[in-house]
Amino acid sequence: EDDFQFLLCEGCQQKSPNLKLLTCLHTLCLGCLRKNEPVGQCPVCCMAIPQASGIPDMDNLLFTNLQARLKVYKQIVDRVDLFCNNCRTYGEFWCSKCFEFLCTKCFEAHERYLRGESHRAKRVTDIRAGSAKDFLEGFRRAGSLSCSNPDHRSQPGSIYCQRCEKALCCSCALLDNQHAPFRDIRSETQRRQEELSSMDRELRQRRSSFEATYASLQGEAARLEEAQREMRELIRQRVEQLVRLIRQEEEELVGLVEAQQEQGRQELARELRHVEGVLRRMEAGERLVEKMSLYATEQEVMDMQPFIKGSLQELQRLQLPMATEQVEPFTECRARLQAL
C-alpha cells in the first residue's frame, strides 16, 4: 500500500478509476476537478487549467492501468474470485497479455495456440509468491502496442509512422501510401523514453536553482515574521513606557491637587475661625449692652461703661476680610492635563 500511494488522486487522496493528467503533471480525479471548476486552477500548484470545462482531455493511462493490474494482484493474493474467464472453473493461471484467468484445460489450449504471439501465462501460486513489483514487471515484458487503425486493433503495431506519429501494423504500412517515413516502433518508444529521461535530468538541474530561490524566499518570509515580532515587542515596550510615564504624571497631578486643596482648606479654615470669633465677640457685646440696659445700676454703668466702650470701639474698627477674586481652582493641574 505504501509503495503505490502515488496512484491516489493528489487532491482527495482517494482511489479513482477516472484519473486525469493536467498540464502541470498533477493527477486529479473527476470529482476534484468538478469541485475546482469555478476556480479554474490546479488545487495542488495553482496553475491554470486551459480547458474551459475544467476537465483535461488527457487520461492518466499509466495510473489507471496500474490500479487495474494491482487490483488483479490483490485478487490473487487474497484468493478472491479466481475463476477461469472462459469456463468459470478455478483459475490456476493468469495471462497478462489476455488479462484473464485460465484453468488447466484452457491454459493448455492457450499455450498451444497463442504461445507464439508472446502470450506467457503464469501460475497463480507463482504470482502469489512474488511481489507486486514483480507482477507489474511481467506486464512490461509482455506488453505490446496495437495498431492505431480502429479496424486493426487486434494487430500488433510494429511500425512507427513519423508523419502521423502513430503505431501501425504491417498491413497499414504496406497498403496505405499516406504513411511515411517509417521507423521501428521499439526504437521509437525507446527514443521517447530517453527523451523524457534527458528532459528529466535537465529539469533536475534547474530544480536546484528553484530550490535555492524557494529557500531564499522562505528565509525572507522568516525574516519578515521576525521583524514583525520585534516591532510588536517594541510597540509593547513603548506603550508600557508611556503608560508608566502617564501613571507617574497622574501621581504627581493627584499629589498637586491634594496639596493645593490642603493649602486652600487651611487658609479658609483660618478665615472662618477669625470671622467666627468676631461674630461671637459681637454677639457677646450685643448681649452685654442689652443686659446693662435692663439690669445695671448707675454705679455699675459708671464702673463698666469705659471698658465696654473700648471693646466695642475695637470691634467697630475691624474690617471685613478682603473678598478674593473667584479664580478657577486647580488651574495649574488643568494646564498640565491639557499639555499631556
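Source: prediction; values computed, not measured. (Residues numbered from 1 in each chain as written. Predicted model: local features only at pLDDT ≥ 70, side-chain atom pairs only at ≥ 80, totals over all residues. Heavy atoms only, no water.)

Draft legend 1. Looking closely at the sheet that holds strand β3 (residues 93–95). Within the open sheet, the three strands sit side by side as β4-β3-β5. Their pairing is antiparallel. Only two strands of the sheet have a single neighbouring strand rather than two, namely β4 (100–102) and β5 (121–123). The sheet shows a mean angle of 30° between the axes of neighbouring strands, direction not considered. As paired strands, β3 and β5 are joined by three bridges and run antiparallel to one another. Along β5, the bridge assignment pairs Phe93 with Arg123. Contacts from helix α3 (residues 104–114) reach β3, β4 and β5, with the element oriented near 110° to β4. (Pairing = 2+ DSSP bridges. Helix = DSSP H or I, 4+ residues; strand = E, 2+ residues; numbered from the N terminus. Axes fitted to C-alpha atoms, helices over the stretch in contact; angles between N-to-C directions. Contact = heavy atoms within 4.5 Å.)

Draft legend 2. Representation of the UniProt feature "domain: RING-type" (unreviewed entry) in the chain within the structure. In the UniProt entry, the feature "domain: RING-type" (unreviewed entry) is given for residues 9–45. Structurally, residues 9–45 is divided into 16% helix and 16% strand, and its ends, taken at the C-alpha atoms, are 14 Å apart. (UniProt positions renumbered as here; feature names shortened; annotations may be inferred.)

Draft legend 3. The arrangement of the confidence of the model for the chain in detail. Of the residues in the chain, 93% have a pLDDT of 70 or more, and the chain-wide mean is 85. By mean pLDDT, helix α6 (residues 170–175) is the weakest element of the chain at 75, and strand β2 (residues 27–29) is the strongest at 92. (pLDDT = per-residue confidence, 0-100.)

Draft legend 4. Structural view of the sheet that holds strand β6 (residues 159–161). Spatially, β7-β6-β8 is the arrangement adopted by the three strands of the open sheet, whose pairing is antiparallel. Unpaired on one side and paired on the other, β7 (166–168) and β8 (182–184) mark the two borders of the sheet. In this sheet, adjacent strand axes meet at a mean angle of 40° when their direction is disregarded. Packed on one face of the sheet, helix α7 (residues 185–295) meets β6, β7 and β8 and runs near 80° to β8.

Draft legend 5. Geometry of the packing of α7 against helix α9 (residues 331–339). The contact between α7 and α9 brings their axes to 9 Å, and the two run at 165°. Here α7 is positioned roughly antiparallel relative to α9, judged by the angle of their axes. The crossing of α7 and α9 is left-handed. Contacts between α7 and α9 involve Glu249, Glu252, Leu253, Leu256, Val257 and Gln260 from the former and Glu332, Cys333, Arg336 and Leu337 from the latter. By residue class, the composition of the contact of α7 with α9 is five nonpolar, one polar and four charged. (Parallel < 35°, antiparallel > 145°, perpendicular 65-115°, else oblique. Left-handed = near helix turned anticlockwise from the far one by under 90°. Nonpolar A, V, L, I, M, F, W, Y, C, P; charged D, E, K, R; others polar.)

Draft legend 6. Main features of unusual backbone geometry. Within the chain, Cys46 stands out as a residue other than glycine whose phi angle is a positive 70°. As for its position among the elements, Cys46 is in the loop between α1 (30–35) and α2 (61–77). Its identity as a non-glycine residue notwithstanding, Arg79 has a phi of 60°, on the positive side. Topologically, Arg79 is positioned in the loop between α2 and β3. By relative accessible area, which is 55% here, Arg79 ends up exposed. (Buried < 20%, exposed > 50% of the residue type's maximum accessible area, 1.4 Å probe, protein only.)

Draft legend 7. Geometry of the pattern of salt bridges. Counted according to the given criterion, the structure contains 17 salt bridges. Two residues, Arg192 and Glu188, come together in a salt bridge whose shortest N-O distance is 2.8 Å. On the criterion of helical spacing, the pair formed by Arg192 and Glu188 is a turn pair, its members being four residues apart in helix α7. Classification of Glu188 by relative accessible area gives buried; the value is 2%. One network of salt bridges, in which partners are shared, links Glu188, Arg191, Arg192 and Glu195. (Salt bridge = Lys/Arg side-chain N within 4 Å of Asp/Glu carboxyl O.)

Draft legend 8. Looking closely at α7. The end-to-end C-alpha distance of α7 is 156 Å, a good match for the 165 Å that 111 residues give at a rise of 1.5 Å each. Turning to α7, its buried residues number three or more, namely Ile185, Glu188, Glu249, Leu253, Leu256, Val278, Gly285 and Met292. Residues of α7 that are buried in the fold lie against β6, β7, β8, α8 (298–317) and α9. (Expected span 1.5 Å × (residues − 1).)

Draft legend 9. Representation of empty space enclosed by the protein in the model. Counting across every chain of the model gives one cavity of 30 Å³ or more. Lining of the largest cavity is provided by Leu22, Thr23, Cys24, Cys42, Met47, Ala48, Ile49, Pro50, Gln51 and Pro56. Residue composition of the lining of the largest cavity, grouped by class: eight nonpolar, two polar and no charged. (1 Å grid on protein atoms, 1.4 Å probe; cavity = no way out; pocket = protein on both sides within 12 Å on 5 of 7 lines; lining within 4 Å. Points joined across faces, edges and corners; volume = space filled by probe spheres on them.)

Draft legend 10. Structural view of the packing of α7 against α8. As a packed pair, α7 and α8 sit with axes 11 Å apart at the nearest point and diverge in direction by 155°. In terms of their interaxial angle, α7 and α8 are classed as roughly antiparallel. Crossing handedness for the pair α7 and α8: left-handed. The residues of α8 that touch α7, namely those facing Arg281, Met282, Gly285, Leu288, Val289, Met292 and Tyr295, are Glu300, Val301, Met304, Ile308, Leu312, Glu314 and Leu315. Considering only residue class, the contact of α7 with α8 consists of ten nonpolar, one polar and three charged.

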